[in-house]
Amino acid sequence: MKLVNKERMLAEFKEVVAVPCHTLQERPVFEMLRAKLEALSFTVEEDDAGEKLGGNCGNLWAFLPGNKVGAVSVLLSAHMDGVEPCGGTTVVQKDGVLYSDGTTILGGDDKSGVVAILEGVRMLVEENAEHGDIQILFTIAEEGGVNGSRCMDRSKLKAQVAYALDGEGAPGEIVIGAPGQYRYKISVHGKKAHGGLEPEKGINAIMIAAKALAEVKRYGRIDEETTCNIGIIGGGVATNVVPDLVEIEGDVRSRNNEKLEAIREEVVSTICNAVEKYGAKVTAEVEHKYSSFLIDTESTVVKLAKSACAMYGFTPDITQTGGGSDANFLNAYGVPCVILGTGMQNVHTVEEFLKEEDLYNSALMVYGILQAACKNA
């Protein structure tokens, strides 16, 4: 059985997370990964997502032609950016677990996915094994809205199945469903006045926003597949000024599109109607961020992942998630995609950690999927 070169993979993880990876500033990571993929005989291209989003580079696309007729073509994906603070990570090892030194995130989200793809493909290339077409997509701007994949050059998608290595479960986790999302921003327009001399001439946007929010009856966990969050509220300029503007921002998510539409309409209309009832004006902006997806458990993309689990003794964990990822857009653009767990824990915090075992096993999942795709021929 082919084994992961653990020393090499760990060194590569430390190397990659040490590079700053601020969202829309991913160029240093892009160039590092370009060199690594070209050394593996991949053809590397860059799309114009960065130009669309105002970043310093686009998504990285890499392609390696297959040498086995009839094998399933596979796309492997992970994102290059990280949440703040991500200005270059120093990895601390303790009892088989990887941490940062506490000043930054670890970067397992999503460099664990990046290096798993690199090592899994490298294992295949080193033994000159048979394989189908392999496509790699390293995206920009996944954090904060999944914008890199939203702006990807869809004409470059060539694979039959796809895997986004961006899940928090241990290797063996296969996420087949994720919600769609709406974001909303509601502006409450009151009337400014001096809070001490003539408050009666003003319309207090803060008080009206508070009353309007009190009329929202369903928020937080609506049901097992639907959530609603009111996440940001801001307004006012001074304690002696009646505030004339308050902005309320939030999101609605559901794996059920009908529920998604219904809750979004309910929340936005409830706030807007209440604002007008209490004497202020209101404007609302609603943005559909991405659509939900649900993959059939009997589909090829799931079967190949389960075959990889069987090869290396991982227990398949077929599940669904409450968050969005690049998989939402890969599915929306016509390539069946599931999310694979890489074991990252406490992501988006400086307490993030990753078991070394999960790091190495993620590479085995990649390698196993590519083997299964070839056997499927």
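For the structure itself, consult the block above.
It should be emphasised that the depicted structure is a prediction, and the values quoted were computed from it without experimental measurement.

Participant: I would appreciate a short explanation of the nonpolar core in the present structure.
Facilitator: Across soluble globular proteins, you tend to see nonpolar side chains buried next to one another. Core analysis: the biggest nonpolar cluster contains 95 residues, and L76, I136, F138 and Y163 have the highest contact counts within it. Leaving out residues up to four positions away in the same chain, Y163 has contacts with V74, L75, L76, S77, T300, V301, L304, A305, C337, V338, L340 and I369. Y184, A209, V246 and A280 belong to the second-largest nonpolar core, a separate cluster that totals 23 residues.

Participant: Just checking my understanding: could you explain the packing of aromatic side chains for this structure?
Facilitator: What characterises a pair of aromatic rings is the spacing of the ring centres plus the angle enclosed by the ring planes. Taken as a whole, this structure holds 4 aromatic pairs when the rule is applied. Ring centres of Y99 and F353 lie 6.0 Å apart, and the angle between their planes is 40 degrees; this geometry places the pair in the tilted category. Here F353 lies in strand 19 (residues 353–355) and Y99 lies in strand 5 (residues 97–100), a separation of 254 residues in the sequence. By relative accessible area, Y99 is classed as partly exposed at 30%. Arranged with centres 6.4 Å apart and planes meeting at 80 degrees, the rings of Y290 and F329 form a pair that is edge-to-face. With Y290 in strand 15 (residues 281–290) and F329 in helix 9 (residues 326–332), the pair connects residues that are 39 residues apart, well separated along the chain.

Participant: Hey, could you run me through the packing of helix 1 (residues 6–17) against helix 4 (residues 108–126) in this one?
Facilitator: The packing of two helices is summarised by the inter-axis angle and the distance between the axes. Between helix 1 and helix 4, the least distance of the axes is 10 Å, while the angle of their chain directions is 140 degrees. With respect to their mutual orientation, helix 1 and helix 4 come out oblique. Crossing angle aside, the handedness with which helix 1 passes helix 4 is right-handed. Of the residues in helix 4, those touching helix 1 at R8, M9, E12, F13, V16 and V17 are G108, K111, S112, V115, A116, L118, E119, R122 and E126. Of the residues assigned to the contact of helix 1 with helix 4, the class counts are 7 nonpolar, 2 polar and 6 charged.

Rules of the game
- Residues numbered from 1 in each chain as written.
- Predicted model: local features only at pLDDT ≥ 70, side-chain atom pairs only at ≥ 80, totals over all residues.
- Heavy atoms only, no water.
- Core = buried A, V, L, I, M, F, W, Y, C linked by side-chain atoms within 4.5 Å.
- Buried < 20%, exposed > 50% of the residue type's maximum accessible area, 1.4 Å probe, protein only.
- Contact = heavy atoms within 4.5 Å.
- Phe/Tyr/Trp six-rings, centres within 6.5 Å; stacked < 30°, edge-to-face > 60°.
- Helix = DSSP H or I, 4+ residues; strand = E, 2+ residues; numbered from the N terminus.
- Axes fitted to C-alpha atoms, helices over the stretch in contact; angles between N-to-C directions.
- Parallel < 35°, antiparallel > 145°, perpendicular 65-115°, else oblique.
- Left-handed = near helix turned anticlockwise from the far one by under 90°.
- Nonpolar A, V, L, I, M, F, W, Y, C, P; charged D, E, K, R; others polar.

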